[in-house]
Amino acid sequence: MTEQHSTAAVGGASSGRRGPARRRVVAALFVDFGDARGDDRRPPRARYECVRCNYRSEIVTGPAAVAAFTATAADAHRIVCPALQENQ
């Protein structure tokens, strides 16, 4: 998953210390590693979702396709994400 970090303090000013940074999920990579037991064989599959622009990729299936997809999905979408393009 991709996280966006914020520098906002948690816990208020009276404590004198900064708490952990607040985080929110802006994208997710879902991977199902599959199941090869018995007759119910289910191949690996993956998909990517971007919360910023509501993009949802097609489901990719198969070991080689899932490996390639997971290695590049987030970076490939980040380049073309319309929500990120508007903010630049």
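Structure shown above.
Residues numbered from 1 in each chain as written. Predicted model: local features only at pLDDT ≥ 70, side-chain atom pairs only at ≥ 80, totals over all residues. Heavy atoms only, no water.

Novice: Please set out the overall build of the protein residue by residue, giving values where relevant.
Specialist: Per the secondary structure count, the protein includes two helices and five strands. Taken from the N to the C terminus, the helices and strands of the protein come in the order β-β-β-β-β-α-α. Every one of the 88 residues in the protein was classed for burial, and the buried ones make up 24%. Taking as baseline every contact in the protein between residues at least 6 positions apart, the subset at least 24 positions apart corresponds to 28%. Total accessible area computed for the protein in this model is approximately 6,700 Å², and 51% of it derives from carbon and sulfur atoms. (Helix = DSSP H or I, 4+ residues; strand = E, 2+ residues; numbered from the N terminus. Buried < 20%, exposed > 50% of the residue type's maximum accessible area, 1.4 Å probe, protein only. Contact = heavy atoms within 4.5 Å. Areas by Shrake-Rupley, 256 points an atom, 1.4 Å probe, with all protein chains shown as cover.)

Novice: Can you lay out the nonpolar core for me, pointing to particular residues and giving the numbers?
Specialist: Counting residues in hydrophobic clusters, the biggest one holds eleven residues: Ala 27, Ala 46, Tyr 48, Cys 50, Val 60, Val 66, Phe 69, Ala 73, Cys 81, Ala 83 and Leu 84. Counting residues per element, the ones that place at least two in this core are strand S3 (45-50), helix H1 (63-80) and helix H2 (82-86). (Core = buried A, V, L, I, M, F, W, Y, C linked by side-chain atoms within 4.5 Å.)

Novice: I'd like a rundown of H1, residues and numbers included.
Specialist: A rise of 1.5 Å per residue sets the reference length of H1, with its 18 residues, at 26 Å; its end C-alpha atoms lie 26 Å apart and thus fit the reference within 8%. A bend of about 45 degrees at Thr 72 is the largest found in H1. For H1, every residue scored as buried is listed here: Val 66, Phe 69, Ala 73 and His 77. Those residues of H1 hidden inside the fold are in contact with strand S2 (23-32), S3, strand S4 (55-56) and strand S5 (60-61). (Expected span 1.5 Å × (residues − 1). Bend = angle between axes of the 7 residues up to and from the residue.)

Functional significance is not addressed by these values, which are geometric in nature.
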